[in-house]
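# Architecture and fold: a report
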Amino acid sequence: MTLPSRRSALPGFSLTLGITVVWLSLIVLLPLTLLALRPWTLGFAGVWQSVTEPRVLAALRLSFGTAALAAAVNMPLGLLVAWVMVRYRFPLRNLADSLIDMPLALPTAVAGIALTALFAPRGWIGALLLPLGIRVAYTPLGIFVALVFVGLPFMVRTLEPVIMEMPREAEEAAATLGATRRQTLLRVVLPALTPALLAGFGAAFGRGIGEYGSVIFIAGNMPMVSEIAPLLILIRLEQLNYAGAAALALVMLLASFAVLLSLNLLRARMRRRS
Amino acid sequence: MNVEMRGLTKSFGPTPALNAVDLSVSNGEFLAILGPSGSGKTSLLRVLAGLEFAESGTIVIGGRAMEGVPARERGVGFVFQNYALFRHMTVARNIAFGLEIRPRRLRPRAHEIRDRVASLLDLMGIGDLGGRYPDQLSGGQRQRVALARALAIEPALLLLDEPFGALDAKVRKTLRVWLKDLHDRIGLTSIFVTHDQAEAMEMADRVAVMQAGRIEQVDTPDCLYAEPASAFVHEFLGEAIRLDCLVADGVARFPGLPSAVLPTACRPGAAIALIRPYEIGFIVRPGPAHVVSVHANGPLKRVRLLIGGVGIEVLSPAEGWTPVVGENCDLELSKARVYPV
Amino acid sequence: MTTPAAQESVATRVVLILLTAALLIILLVLPLVVVLAEAFRKGIPAALATLSDPDSLTSIRLTLTVAAISVPLNTVFGVSAAWCISRFRFPGRGALVTLIELPFSVSPVISGLVWVLLFGINGWLGTFMDRAGLQIIFALPGLVLATVFVTFPFVARTLIPLMQEQDASEEEAAITLGATGWQMFSRVTLPNIRWGLIYGVLLCNARAMGEFGAVAVVSGHIRGQTMTMPLQVEALFNDYDWVGAFTIASLLALLALATLAVKAALEWRLGRRGSMH
């Protein structure tokens, strides 16, 4: 069989494909494969036991739960920001637009200590919330706040291009048919944005599950209460329990892939319907 | 340089892009490859340049077999359909590119390269554009730069892919004349690909008509027009009226036109006859052709007819006899050509 | 002034803009401000003292070293991947694109974990490495491997769409004019992708210098030896040396701001927006 690449006179196919495949295999595929193999040295029962310990279940519930909640809250927040950025013109808009990527550009450890300083009981925001009886830092609420911070740009950047390409004519048509602005937004605009909202949710959620740096300082890290799953992996590693760490990592990877896959399927179905 | 192609075959998935193509081009000739899109004409050009590879067949350029010769060593000038100018280089740098990249022992001296670029710019009539960048040029100017860049390496063979494809109609007309002229002056063996039959007929010494990866016919424009080798060529070169007929005993008979009997060498059985709208003559006697409408159109009249329920449109000289609307008459088809189905 | 039919009323617009501004200030601006405020809380000399501390200087040097090794590696990979994916068709091409993005959906901690599983004391190659006297984990190679993993997709995913958009005809033209593969690459391909390449390298570098979770796993936290800047921030913070922690953090925040500024300039130049993750 002649390789299809023979069709091109351009040079460098074997060299560049070789580099790509070797590097991908060495850096990504091989390590992840070994990760997937490692837990089974415990035996099936051992793996099961290791990932169903109450402390593990609590950590998984916390990581997935707060990530989902933060991603959900980011839907209206991200929609607001994306809508304002695309549709309105106002002073400092370009600056604001660049700033949206801040959570992605700022090293997570820096974000982590900054949020902790802000929301600590004596911090600028924490001190305001304390009289209301709200404690953010060192509680699950702190994790939620950090994940909202990290997830916002994913939501905004997913929504912006879609809003930009949305034809204004559809909204104008709705208006000529007698719809109020509110009706137009709810019945014309929002349905058109739903797939993008789901995509943004998926991206923010996926990032939130595994997030470490921005969460770890504000979380408090109390077992069973505010201890996230990635921290538990680290703790197991420090105890030289490699198989246990790998088992937990594998569960996290599989669970997040499953969630992202089902979101993609849902999105595909919605797109087919429309 | 002579170019010889023998049995070039190349498939693109299940469909053949080239199907046993044989073609010879003689030294100094200007050959057009004409065909609808997807006929394989661009593939043929790219295979010649070494940008794609045929699965079988041979190419010989100037006596040298091209088997295993990479594109960069073929010495073939290629003008791309979208020109493919290097957008980050000035016009002069674009043209000098092929010379500047040569290994030192083959590279002309810097001032020689400069002179060559200057004379090419002059030849192209764009002497003052050397310092511009491609995005500062019009389509026609880019076309000339692309041509100058291909000529700078003094190729043995010049290949042009749809050279006027990206230009508007008016520029296209001027450039056609100009390119034909240029070819006549430098006499370089050239092959260009086009889907526009007027372009091919006007410019080329010979035209190769392609369809579905095969060459249907290669001939001078006159011969091609007078004696199309197949129904496809006949129809591709200009408007033609298609009439079903039946061949038996060396003649074709038409179901709706009993009087028209056409001698033909076509094999017996169902066949089709093709005739250009202005080749049909009227016979002044009642017949099966029913006149639906007559429109004056300059020196020609456009007559719509119904023959046994089939509508055709005939062009007839304004001065000659024409039937009146509603009248019935007979038709003369002696200039029709019969092709097997 | 009347409001066009397909637009919110002026009042609504103003309210929405103000809400957005409030959100961005609380969530995005305040954290930045607090970093600088905490760093200089005890005055500039205290902040400068942190920077002259040997451990801090080591962490800065280590961060630069790790980035200086990881970024070029992933740049070579990214250009190679973009070349073969955008210029050739071959079976498995789509899968390759997907796999290249894979590290983005892996938690940073797991990105570090995989290397410990491979090279750690109880790892697959741990004993072998130990006998050979090669220190990977708790040393520079481990930091580099973890960083390479998390920054793996940046250059490739910036270049692939860019090069797919620019068809191959300029490169083919260079070839028909007699260029060798290297001449074609350096004189035609590279100039055409240079802004995209810089963009990808910029994002790759920002992440390489700022990565925390993955390097936290492989570093072993040996002070003065395996602490990159983000790890140094953590250590100082946990020691209640807030001025120190926030001073190093300010440097990293400045890096982030500079990255965002250059990114905005490049996006204007490229006429497109890429993604930071």
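Residues numbered from 1 in each chain as written. Chains lettered and ligands numbered in written order. Predicted model: local features only at pLDDT ≥ 70, side-chain atom pairs only at ≥ 80, totals over all residues. Heavy atoms only, no water.

### Remarks on the overall build of chain C
- Per the secondary structure count, chain C includes 13 helices and zero strands.
- C-alpha extents for chain C along the principal axes are approximately 75 × 65 × 30 Å.
- Approximately 10,900 Å² of chain C is accessible, and the part contributed by carbon and sulfur atoms is 67%.
- Within chain C, one finds 17 positive and 16 negative side-chain charges whose respective centroids are separated by 4 Å. (Helix = DSSP H or I, 4+ residues; strand = E, 2+ residues; numbered from the N terminus. Areas by Shrake-Rupley, 256 points an atom, 1.4 Å probe, with all protein chains shown as cover. Lys, Arg positive; Asp, Glu negative; His and termini not counted. Charge placed at Lys NZ, Arg CZ, Asp CG, Glu CD.)

### Quick word on the packing of helix 3 (residues 54-87) of chain A against helix 8 (residues 140-165) of chain A
Residues and elements named next belong to chain A.
- With their axes 5 Å apart at the nearest point, helix 3 and helix 8 run at an angle of 40° to one another. By the angle between their axes, helix 3 is oblique relative to helix 8. The interaxial crossing formed by helix 3 with helix 8 has right-handed handedness. (Axes fitted to C-alpha atoms, helices over the stretch in contact; angles between N-to-C directions. Parallel < 35°, antiparallel > 145°, perpendicular 65-115°, else oblique. Left-handed = near helix turned anticlockwise from the far one by under 90°.)

### Re the nonpolar core
- In this structure, Leu35 of chain A, Met5 and Ile191 of chain B together with Trp115 of chain C are the most contacted members of the largest nonpolar core, which totals 222 residues.
- Counting residues per element, this core draws most heavily on helix 3 of chain A, which supplies 16 residues.
- Other than its neighbours up to four places away in sequence, Trp115 of chain C contacts Leu26, Ile27 and Pro31 of chain A together with Gly120, Ile137, Leu145, Ala146, Phe149 and Val218 of chain C.
- Membership of the second largest hydrophobic core comes to 45 residues, among which are Leu137, Leu147, Leu160 and Ala204 of chain B. (Core = buried A, V, L, I, M, F, W, Y, C linked by side-chain atoms within 4.5 Å. Buried < 20%, exposed > 50% of the residue type's maximum accessible area, 1.4 Å probe, protein only. Contact = heavy atoms within 4.5 Å.)

### Focus on the sheet that holds strand 15 (residues 281-283) of chain B
All names here are of chain B.
- Pairing in this open sheet of five strands is antiparallel, and the strands run 15-19-16-17-18 from one edge to the other. The two strands at the open ends of the sheet, each matched to only one other strand, are strand 15 and strand 18 (310-317). Geometrically, the sheet is characterised by an average inter-axis angle of 45° between neighbouring strands, direction not taken into account. (Pairing = 2+ DSSP bridges.)

### Some details on the side chain of Thr90 of chain B
- Counting through the fold element by element, Thr90 of chain B comes out in the loop between strand 6 (76-79) and helix 2 (91-100).
- Residue classification places Thr90 of chain B among the buried residues on the basis of a relative accessible area of 16%.

### Here we look at the interface of chain C and chain B
- Contacts between chain C and chain B engage 19 residues on the former and 21 residues on the latter.
- Both faces combined, the contact of chain C with chain B buries some 1,800 Å², and carbon together with sulfur accounts for 58% of it.
- Contact with chain B buries area across many residues of chain C, yet Thr176, Leu177 and Arg187 of chain C alone supply 37% of it, more than any other trio.
- Viewed at the interface, chain B and chain C are joined by two salt bridges.
- The partner of Glu170 of chain C in a salt bridge is Arg87 of chain B, with the nearest N and O atoms 2.8 Å apart.
- A total of seven residues in the side of chain C that touches chain B trace back to one element, the largest contributor, which is helix 9 (residues 169-176) of chain C.
- Among the residues making up the side of chain C that touches chain B, the classes are represented as seven nonpolar, seven polar and five charged. (Buried area = accessible area lost by both parts, 1.4 Å probe. Salt bridge = Lys/Arg side-chain N within 4 Å of Asp/Glu carboxyl O. Nonpolar A, V, L, I, M, F, W, Y, C, P; charged D, E, K, R; others polar.)

### Section: the pairing of strand 18 of chain B
Residues and elements named next belong to chain B.
- Two strands pair when backbone bridges link them, and strand 17 (residues 300-307) and strand 18 are joined in this way by eight bridges, in the antiparallel orientation. Note on strand 18: the bridge partner recorded for Arg304 is Glu313.
- From the end of strand 17 to the start of strand 18, which pair antiparallel, there are two residues, and Gly308 there has a positive phi angle of about 55°.

### A few points about the pattern of salt bridges
Residue and element names in this part refer to chain B.
- Summed over all chains, the structure comprises 33 salt bridges over all chains.
- The residue Arg93 makes a salt bridge to Glu100 at a minimum N-O spacing of 3.4 Å.
- The exposure class assigned to Arg93 is partly exposed, which follows from its relative accessible area of 39%.
- The partner of Arg302 in a salt bridge is Glu313, and the shortest N-O contact between them spans 2.4 Å. Linking Arg302 in strand 17 with Glu313 in strand 18, this pair joins segments that are 11 residues apart in sequence.
- In this structure Arg302 comes out as partly exposed when scored by relative accessible area, which is 27%.
- Assessed through its relative accessible area of 26%, Glu313 is described here as partly exposed.

### Points about the interface of chain A and chain C
- Taken together, the contact between chain A and chain C spans 83 residues of the former and 89 residues of the latter.
- Here chain A and chain C share two salt bridges between them.
- A salt bridge links Lys263 of chain C to Asp101 of chain A; its shortest N-O distance comes to 2.5 Å.
- Taken together, the connections running from chain A to chain C amount to 11 residue pairs in polar contact (both at pLDDT 80 or more).
- No other element matches the 16 residues that helix 1 (residues 13-37) of chain A contributes to the side of chain A that touches chain C.
- Per-class residue counts for the side of chain A that touches chain C are 64 nonpolar, 10 polar and nine charged. (Polar contact = N/O pair within 3.5 Å; in protein donor to acceptor, adjacent residues only side chain to side chain.)

### Overview of a nonpolar patch on the surface
- A cluster of nonpolar side chains, Leu37 of chain A together with Trp124, Leu125 and Phe128 of chain C, forms an exposed patch at the surface whose accessible area comes to about 400 Å².
- Note on placement: Trp124 of chain C falls in the loop between helix 5 (108-119) and helix 6 (126-132). (Patch = residues over 30% accessible without salt bridge, like charges linked within 9 Å, V, L, I, M, F, W, Y side chains within 5 Å.)

### A word on the sheet that holds strand 10 (residues 214-219) of chain B
Residues and elements named next belong to chain B.
- What the six strands build is an open sheet, ordered 6-7-8-3-9-10; its pairing is mixed. Each edge of the sheet is formed by a strand with only one pairing partner; in this case those strands are strand 6 and strand 10. Pairs of neighbouring strands in the sheet enclose a mean axial angle of 20°, with direction left out of account.
- In this structure, strand 7 (residues 157-161) lies alongside strand 8 (residues 190-194), joined through four bridges in parallel fashion. Of the residues in strand 8, the one forming a bridge with Asp161 is Val193.
- Sitting on the sheet, helix 4 (residues 139-152) is in contact with strand 6 and strand 7, with an inclination near 170° to strand 6.

### Digging into helix 5 (residues 169-186) of chain B
Residue and element names in this part refer to chain B.
- Between its first and last C-alpha atoms helix 5 spans 26 Å; for 18 residues at 1.5 Å apiece the expected length is 26 Å, and the two agree.
- All buried positions along helix 5 are accounted for by Arg172, Leu175, Arg176, Trp178, Leu179, Leu182 and His183.
- With its phi angle positive at about 65°, Gly187 sits one or two positions after the end of helix 5. (Expected span 1.5 Å × (residues − 1).)

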